[in-house]
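Structure assessment
These are the residues of each chain, in order.
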Amino acid sequence: MQIDLLTLFPDFFTTPLGASMLSRAQTLGAVRFRVLNLRDFCPDRHKVADDRPFGGGPGMVMKIEPLVAAIRAVRAEAPMVRVILLTPQGRVLTQDKARELAQQQHLLLICGHYEGVDERLRHYIDEELSLGDYVLTGGEIPALAVADAVTRLLPGVLGGEGATEEESFQDGLLEHPHYTRPRIFEGHEVPEVLLSGDHRRIARWRREQALLKTAQERPDLLARARLDPEDRRFLAALGMAAEE
Ligand code: 4G4
């Protein structure tokens, strides 16, 4: 997969893309990142990417011409590219969306700044995504979050598996708790079942912990989770029935 990031601040991505898993994914050939400087698509001598809003008001708006020139340049070389604007007005990124994007050949993630982008950009992109219901100074952090969430799902990236997603949001539940050595830390013990070697009991306990945690912390997720009859019995016994 190729992931292009279009930004006014290309340096922002140097360290994150050069570090840890994202760098490893590139070395493995699972993904290629390319940072595109929006200034390279500004036609005028002064490389102006923003302008004052029609109708007045404070702040500046990102001009449409450089953004569309950049999108056109990428679409010309890669007609299959999926063009995504990161904005608080988009649908909130979910694990399902990350899985869908991981099927794509090529993403172009557009990072906005100032008060936002000229509304007409909507005609030139495929979708808008948001990292969550809050405002940031730029789209770089959300773009990096999309790149990270997608990259770790690519075949070969997560320690070889990639496809088997044994982790948070398995079946739409929060993840079960994890423990490693020491067995006792400052009086806090590792649950006995995890030391038992009884793999069926361990699997059942982990499932129940995932159900319990989800019911307590994110009941909204439980309503949409994939639950089997045993899961439903467990929740019912706790007085935490999940809707059908
Ligand atoms: C596009 C439009 C994304 C980009 C407006 C971007 C939060 C998110 C931006 C803006 C962003 C998010 C300046 C509001 C840049 N903030 N939640 N800021 N704003 O994903």
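Definitions and limits used
- Residues numbered from 1 in each chain as written.
- Predicted model: local features only at pLDDT ≥ 70, side-chain atom pairs only at ≥ 80, totals over all residues.
- Heavy atoms only, no water.
- Pairing = 2+ DSSP bridges.
- Helix = DSSP H or I, 4+ residues; strand = E, 2+ residues; numbered from the N terminus.
- Axes fitted to C-alpha atoms, helices over the stretch in contact; angles between N-to-C directions.
- Core = buried A, V, L, I, M, F, W, Y, C linked by side-chain atoms within 4.5 Å.
- Buried < 20%, exposed > 50% of the residue type's maximum accessible area, 1.4 Å probe, protein only.
- Contact = heavy atoms within 4.5 Å.
- Near = heavy atom within 4 Å.
- Areas by Shrake-Rupley, 256 points an atom, 1.4 Å probe, with all protein chains shown as cover.
- Nonpolar A, V, L, I, M, F, W, Y, C, P; charged D, E, K, R; others polar.
- Parallel < 35°, antiparallel > 145°, perpendicular 65-115°, else oblique.
- Left-handed = near helix turned anticlockwise from the far one by under 90°.
- Salt bridge = Lys/Arg side-chain N within 4 Å of Asp/Glu carboxyl O.

Read across the sheet, 5 strands follow the order E2-E1-E6-E5-E7 without closing on themselves; strand pairing throughout is parallel. The sheet terminates laterally at strand E2 (32-37) and strand E7 (127-130), the two strands that pair on one side only. The average angle at which neighbouring strand axes cross in this sheet is 35°, direction not considered. Alignment of strand E5 (residues 82-92) against E7, held across 5 bridges, turns out to be parallel. Counted as the bridge partner of isoleucine 84 is glutamate 127 from E7.

To continue, consider the nonpolar core. In terms of nonpolar packing, the biggest core is built from 28 residues, with Leu109 and Val146 touching the most fellow members. Looking at this core element by element, the count peaks at 6 residues for helix H5 (residues 140-151). Contacts of valine 146, omitting those with residues within four sequence positions, involve Leu86, Leu93, Leu101, Leu109 and Leu129. Core analysis: the second largest hydrophobic core is formed by 21 residues, Met62, Leu67, Ile71 and Ile110 among them.

Within the structure, the ligand sits among 16 residues, and Tyr114, Leu131, Gly132, Tyr134 and Leu136 are positioned closest to it. Expressed as a share of its isolated accessible area of 460 Å², the protein-covered part of the ligand is 93%. For the shell around the ligand, the element with the highest residue contribution is E5, accounting for 3 residues. For the shell around the ligand, the residue count by class is 8 nonpolar, 7 polar and 1 charged.

What follows deals with the packing of helix H6 (residues 199-217) against helix H8 (residues 229-237). Between H6 and H8, whose axes approach to 10 Å, the crossing angle comes to 55°. Considered as vectors, H6 and H8 are oriented oblique to each other. Considering the relative orientation of H6 and H8, their crossing is right-handed. Together, Arg204, Arg207, Glu208, Leu211, Leu212 and Ala215 of H6 and Glu230, Asp231, Phe234 and Leu235 of H8 make up the contact between the two elements. Grouping the amino acids of the contact of H6 with H8 by side-chain chemistry returns 5 nonpolar, no polar and 5 charged.

For the structure shown, the criterion picks out 21 salt bridges. As a salt-bridge pair, arginine 204 and glutamate 208 come within 3.4 Å of each other at their nearest N and O atoms. One end of the pair is arginine 204 and the other is glutamate 208, both in helix H6 and 4 residues apart, which spans about a single turn. Salt-bridge contacts for arginine 207 lead to aspartate 231; the nearest nitrogen and oxygen are separated by 2.8 Å. Of this pair, arginine 207 sits in helix H6 while aspartate 231 sits in helix H8; the two residues are 24 residues apart in sequence, bridging distant segments of the chain. Of the two residues, arginine 207 and aspartate 231, neither departs from the other in class, the shared state being buried. Within this structure, Asp171, Arg204, Arg207, Glu208, Arg226, Glu230 and Asp231 form a network of salt bridges that share partners.

Just distances and angles here, no functional claims.
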